[in-house]
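# Structural overview for review
Here are the chains, one letter per residue:
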Amino acid sequence: MKKSLIFLLVLITSITLYASDVILSNTLGAYYCAQEPNPKTYIKHTVEEPISIYWEDNVYPGFDDADAKLMVQNYLDGVHLQTMALNTPDGKVRVYSYANVPQSYIDLVKEGFVATKEAQIKRNLVNEAVKKVRNGNLEKAYYDSAEFDKITKEAAEADKKRKTLTKQIEAEKAKLDLVITETTKETMPSMNYTVKSDTVPLSDLAKKVIYGDEIKIIDNRTKEVIAYNRRIMQLYSASILPDAAGGRRFYPEPLCGSSNTEFYDEKVFISIAPKNFRGKHQPR
C-alpha cells in the first residue's frame, strides 16, 4: 500500500511538473513571438544571379570540411554563384570558387536553369488541376480527360529533360578546378550577399522550454535586409506530445516564424536551390 502511494505521488508530481513546462513554454513562446521584429518572416525580393555569397553560421558555429563539401556541391554552380565564403569553427573564413570555367559549361548551366523553371511551371499546372478536383471545382472524371493527360505528359517530359541536364551539369562540374582560399572575415573578398544565422537571445528560464534562431539575408551593396526569418520553437521536453520519431530536440511546428529554415535561402536565391539538401546547420 505504501509503495502504491509513493508511486502515485511521484506520478502526480511528474505530471504536474510536465504540465507546468507546457504552460510555461506556451506563455514564454507567446511573449517572444510578440517581440520585434515583426513580421517574423518576409522576403522583399528574390535574386537569380547573386554571383557571390558569404554564409556566416553563428549557431553551431561555422562550417567544417564535411559541411563545406555539401555547400559547394549544392550551391556553388560557378555561374549564378561564382564565389562562396563560409565561416569555419576555428574563426576563419574559407572562400571557394572555380578556376577557368569554360563557356560550354556556362551554357549548359543556363540551359538547365531554364529547364528547371519550365518543369516547375508544368508541374504547377498539374498540381492546380488536382487541387480543383479535390475542392470540387472539377469532376473526378477530369482525371480521364485528354486535357489532364496532356498536362501530365508535358510535366513528365519537362521533368525528364531537367533530370538529364542536371546529370550532365554535375558530370561537367566534377571536372572543374575548385580553388579554396583561407582568410578572415576582415580580409575576405567583398561578397554581394550575406546569409547570417544567429540564435535569439532568451532568458535562462526561457531556454529550458523554448529555442529561437533567426536568418538574415543582406544585400551587402545596399546594406538592406532583403529576407528575414525568426522562429521560436518549443522543446519536445516541454510540448504536449511526445517525439514519436525520436531524436528530435524541437517540436516540428514553430510557435512563430517559418520552420522551413533549411530551404529559406532557396526561396531567395532561386537559381542555386539545393537538391535534397539538409545540412546540420539548420537546427532541429
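Remember, predicted model here, so these are calculated numbers, not experimental data. (Residues numbered from 1 in each chain as written. Predicted model: local features only at pLDDT ≥ 70, side-chain atom pairs only at ≥ 80, totals over all residues. Heavy atoms only, no water.)

This next bit is on the overall build of the chain. For the chain, the count of helices and strands is 6 helices and 8 strands. Across the chain, helices and strands are ordered from the amino to the carboxyl terminus as α-β-β-α-β-β-α-α-β-β-α-β-β-α. Within the span of the chain, comprising 284 residues, buried residues form 41% of the whole. Restricting to contacts in the chain with at least 6 residues of sequence separation, those with at least 24 account for 71%. Per element, the accessible surface of the chain, about 16,400 Å² overall, is 55% carbon and sulfur. (Helix = DSSP H or I, 4+ residues; strand = E, 2+ residues; numbered from the N terminus. Buried < 20%, exposed > 50% of the residue type's maximum accessible area, 1.4 Å probe, protein only. Contact = heavy atoms within 4.5 Å. Areas by Shrake-Rupley, 256 points an atom, 1.4 Å probe, with all protein chains shown as cover.)

In this section: unusual backbone geometry. A cis amide bond, omega 5 degrees, links Glu 36 with the succeeding residue Pro 37. With an omega dihedral of -5 degrees, the bond running from Tyr 60 to Pro 61 counts as a cis peptide bond. Within the element layout of this structure, Pro 61 appears in the loop between β2 (51-57) and α2 (65-74). A positive phi angle, close to 55 degrees, is found at Asn 100, a residue other than glycine. Within the secondary structure, Asn 100 sits in the loop between β4 (93-99) and α3 (103-134). Within the chain, Lys 223 stands out as a residue other than glycine whose phi angle is a positive 65 degrees. Tracing the chain through its elements places Lys 223 in the loop between β7 (210-219) and β8 (224-234).

An α-helical segment advances 3.6 residues per turn. Residues three or four places apart therefore align on the same side. With 32 residues, α3 extends 47 Å from end C-alpha to end C-alpha; this agrees with the ideal 46 Å at 1.5 Å per step. Gly 136 occupies a position one or two residues after α3 and carries a positive phi of about 85 degrees. (Expected span 1.5 Å × (residues − 1).)

With that settled, the discussion passes to the state of the cysteines. Counted by the stated rule, this structure contains 1 disulfide. Here Cys 33 pairs with Cys 256 through a disulfide, and the sulfurs are 2.2 Å apart. The sign of the -90 degrees torsion about the S-S bond sets the Cys 33-Cys 256 disulfide as left-handed. Note that Cys 33 is positioned in helix α1 (residues 2-34) and Cys 256 in the loop between β8 and α6 (264-268), a separation of 223 residues in sequence. (Disulfide = S-S within 2.5 Å.)

Moving on to the sheet that holds strand β1 (residues 41-43). A sheet is described by the order of its strands in space; here 8 strands give the open sequence β1-β8-β7-β6-β2-β3-β4-β5, paired in mixed fashion. Looking at which strands have only one partner, the edges of the open sheet turn out to be β1 and β5 (177-183). On average, adjacent strands in this sheet sit at an angle of 15 degrees to one another, irrespective of strand direction. Pairing geometry for strand β6 (residues 193-199) and β7, over 7 bridges, is antiparallel. Looking at β7, one finds that Ser 197 is bridged to Ile 215. (Pairing = 2+ DSSP bridges. Axes fitted to C-alpha atoms, helices over the stretch in contact; angles between N-to-C directions.)

Applying the stated criterion across every chain yields a total of 17 salt bridges. A salt bridge links Asp 65 to Arg 94, with the nearest nitrogen and oxygen atoms 3.3 Å apart. In this pair, Asp 65 is assigned in helix α2 and Arg 94 in strand β4, connecting sequence segments 29 residues apart. For Asp 65, a relative accessible area of 56% gives the class exposed. Here Glu 172 and Lys 175 are joined by a salt bridge, their closest N and O atoms 3.1 Å apart. Residue classification places Lys 175 among the exposed positions, given a relative accessible area of 60%. Connected via shared salt-bridge partners are Asp 65, Lys 92, Arg 94 and Glu 182. (Salt bridge = Lys/Arg side-chain N within 4 Å of Asp/Glu carboxyl O.)

The exposed category is assigned to Asn 100, whose relative accessible area is 73%. Counting along the chain gives 76 residues from Asn 100 to Leu 176, while the straight-line C-alpha distance between them is 7.9 Å.

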